[in-house]
Amino acid sequence: MSIDCLRLSVTDKCNLRCVYCHPQPDCRPTEHEDILGFEEMLRIVRLFAECGIKKLRLTGGEPLIRCDIVRLVRKLGAIAGIKDLSITTNGVFLESLATELKDAGLQRINISVDSIERKTYERITGFDLLPKVIEGIHRAIDIGLKPVKINCVIIKDLNDSEEQITALSGMSTSLPVSIRFIEYYPTNNSTRPATDYVPNAAVRAVIERKYGSLTRTVMSIGNGPAEYFKVPGSAGTIGFISGRSSNFCLSCSRLRLTSDGKVMPCLYSARSHDLKRLISSQGEKAIRDFLSEIIAEKANYTKLNSLKEEFSMCKIGG
Ligand code: SAM
């Protein structure tokens, strides 16, 4: 597996307070001076690109609230070697920003929506913003961001009813989107216990009861560790990312860079390297050599490591 994908968390601030991700109203974001600046991000991504990274995904926190995100996308997309530029967003500001982002070089988008029932959406995120997010999804489709993927985390007794799961997966029958079910991973930031995890096998069983057997399919771009299926005759696809019930390390080509400049070879590993400090003291060759070592180290990961204690999805970016 060639390691060619970097997820860059451009901020740890978020406008939502999802119960499993960033629930505390008083959760303190990292101090401004500890967050990577534009020039630092551009330099690190350029050096990663020189070491073989081709796919870049911006995440957060909420990436669309990072000041000057359109300019950042334009500059990152212009880096030689970056062939695929995408964003993972909660979609609240997408309707207004989608066209500018696409013009700046954004190719595709993932939008997180854990329920299309308005009250449940509010219960999960803390805000009654589902209609805005749905507008954002339609805008992304209309302007040709492709593929549009919808990320859903299913949590016991919150959005795991047959009704909720079939409504979410049913979006793929009429819209050209990929509905992806991501297994919940408990973190110390979550208000939900580990036992609230719903395995994707159970989610799939609900979908197949409603729509019949799913047929396997492959996305033309960006499969990653997800497995994709279709309801026969539908416009879109259904994906499963089963990080807890299965081991997908051998199909994981991602490195993660946190908003304060720590590179993590594996989401579930305590191991990280402080690039913000390194780039302030080292020359280009030394940094490139170090990044190549991290890429080689990642290629040897074959099983999930134990969760780090102060694991926080809103800092790492999911
Ligand atoms: N704010 C953006 C968004 O909402 O998509 C980007 C950041 S968010 C951390 C990225 C993804 O991580 C989302 O799809 C979210 O559902 C997922 N995520 C967050 N916490 C998670 C957890 N504990 N287990 C599984 N997925 C999680």
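Shown above is the structure to which this text applies.
Keep in mind the model is a prediction, meaning the values are calculated, not measured.

> Tell me about the packing of aromatic side chains, and please be specific about residues and values.
Within a pair of aromatic rings, the relevant descriptors are the distance that separates the centres and the angle that separates the planes. Under the definition given, this model contains three aromatic pairs. Plain terms: the ring middles of Tyr20 and Tyr184 are 6.4 Å apart, the flat faces sit at 75° to each other, and that makes the pair edge-to-face. Here Tyr20 is found in the loop between strand 1 (5–9) and helix 1 (38–50), whereas its partner Tyr184 is found in the loop between strand 6 (177–182) and helix 7 (200–211), with 164 residues between them in sequence. Residue class for Tyr20 comes out buried when judged on its relative accessible area of 13%. Residue Tyr184 is classed as buried on the basis of its relative accessible area of 1%.

> Could you give an account of helix 9 (residues 284–299), naming the residues involved and the relevant values?
In this model helix 9 runs 23 Å from its N-terminal to its C-terminal C-alpha over 16 residues, within 8% of the 22 Å that 1.5 Å per residue would give. Among the residues making up helix 9, those that are buried are Ile287, Leu291, Ile294, Ile295, Glu297 and Lys298. All buried residues of helix 9 lie within an arc of 160° about the axis, which places them on one face of the element. For helix 9, exposure combined with an orientation more than 90 degrees from the buried face picks out Lys285 and Glu293. Residues of helix 9 that are buried sit in contact with helix 1, strand 10 (254–257), strand 11 (262–264), strand 12 (273–274) and helix 8 (275–281).

> Lay out the site of the ligand with the relevant residues and their values.
Close to the ligand lie 20 residues, the nearest being Tyr20, Gly61, Glu62, Ser112 and Tyr185. Contacts to the ligand include Tyr20, whose side-chain N or O atom sits 2.9 Å from an oxygen atom. Contacts to the ligand include Tyr185, whose backbone N or O atom sits 2.6 Å from a nitrogen atom. Out of a free accessible area of 550 Å², the ligand has 94% covered by protein chains. Contributions of two or more residues to the shell around the ligand are made by strand 3 (84–89) and strand 5 (148–153). Its residues placed into classes, the shell around the ligand shows seven nonpolar, eleven polar and two charged.

> Run through the packing of helix 6 (residues 162–174) against helix 7, naming residues and quoting values.
Any two packed helices are characterised by how steeply their axes cross, that is the angle between the axes, and by the distance between the axes. At their nearest, the axes of helix 6 and helix 7 sit 9 Å apart, and the two run at 70° to each other. Relative to helix 7, helix 6 is oriented roughly perpendicular. As helix 6 runs across helix 7, the sense of the crossing is right-handed. On helix 7, the residues touching Glu162, Ile165, Thr166, Ser169, Gly170 and Thr173 of helix 6 are Val203, Val206, Ile207, Arg209, Lys210 and Tyr211.

> Which residues make up unusual backbone geometry, and what are the values?
Cis geometry is adopted by the peptide bond preceding Pro147, which originates at Lys146 and carries an omega value of -5°. Topologically, Pro147 is positioned in the loop between helix 5 (130–142) and strand 5. We note that Asp68 has phi near 65°; this positive angle belongs to a residue other than glycine. Overall, the relative accessible area of 40% leaves Asp68 in the partly exposed class. The backbone phi angle of Asp157 is positive, close to 60°, even though this residue is not glycine. The residue Asp157 is located in the loop between strand 5 and helix 6 in this model. When its relative accessible area of 60% is taken as the criterion, Asp157 is described as exposed.

> Got a sec to walk through the pattern of salt bridges? Specific residues and values, please.
Scanning the entire structure with this criterion turns up 17 salt bridges. Between Asp128 and Arg118 there is a salt bridge, with the nearest N and O atoms lying 2.8 Å from each other. Residue Asp128 is found in the loop between helix 4 (118–125) and helix 5, and its partner Arg118 is found in helix 4; the two are separated by ten residues along the sequence. A salt bridge links Glu122 to Lys119, with the nearest nitrogen and oxygen atoms 3.7 Å apart. Here the residue Glu122 and the residue Lys119 both occupy positions in helix 4, the gap between them amounting to three residues, near one helical turn.

> How would you summarise the pairing of strand 3 if you had to cite specific residues and measurements?
When you tally the buried positions in strand 3, you get six out of six residues, the bulk of the element. Pairing of strand 2 (residues 55–59) with strand 3, which is carried by four bridges, proceeds in the parallel orientation. Looking across to strand 3, one finds that Arg57 is bridged to Ser86. Handedness of the crossover joining strand 2 and strand 3 through helix 2 (residues 69–77): right-handed. Of the pairings in the sheet, the one linking strand 3 to strand 4 (residues 108–112) comprises four bridges and is parallel in character. Across the sheet, the residue bridging to Ile87 is Ile109, located in strand 4. Crossover handedness for the path strand 3 to helix 3 (residues 94–104) to strand 4: right-handed.

> Hey, could you go over helix 7 for me, with residue numbers and the actual values?
Here helix 7 spans 16 Å end to end across twelve residues, near enough to the 16 Å set by a 1.5 Å rise per residue. Residues Asn200, Val203, Val206 and Ile207 constitute the buried set of helix 7. Angularly, the buried residues of helix 7 cover 120° about the axis, an arc narrow enough to put them on a single face. Structural note: helix 7 exposes Ala201 and Arg209 on the side pointing more than 90 degrees away from its buried face.

What counts, and where the lines are drawn
- Residues numbered from 1 in each chain as written.
- Predicted model: local features only at pLDDT ≥ 70, side-chain atom pairs only at ≥ 80, totals over all residues.
- Heavy atoms only, no water.
- Phe/Tyr/Trp six-rings, centres within 6.5 Å; stacked < 30°, edge-to-face > 60°.
- Helix = DSSP H or I, 4+ residues; strand = E, 2+ residues; numbered from the N terminus.
- Buried < 20%, exposed > 50% of the residue type's maximum accessible area, 1.4 Å probe, protein only.
- Expected span 1.5 Å × (residues − 1).
- Arc of directions from axis to C-beta.
- Contact = heavy atoms within 4.5 Å.
- Near = heavy atom within 4 Å.
- Polar contact = N/O pair within 3.5 Å; in protein donor to acceptor, adjacent residues only side chain to side chain.
- Areas by Shrake-Rupley, 256 points an atom, 1.4 Å probe, with all protein chains shown as cover.
- Nonpolar A, V, L, I, M, F, W, Y, C, P; charged D, E, K, R; others polar.
- Axes fitted to C-alpha atoms, helices over the stretch in contact; angles between N-to-C directions.
- Parallel < 35°, antiparallel > 145°, perpendicular 65-115°, else oblique.
- Left-handed = near helix turned anticlockwise from the far one by under 90°.
- Salt bridge = Lys/Arg side-chain N within 4 Å of Asp/Glu carboxyl O.
- Pairing = 2+ DSSP bridges.
- Right-handed = clockwise from strand over helix to strand, strands pointing away.

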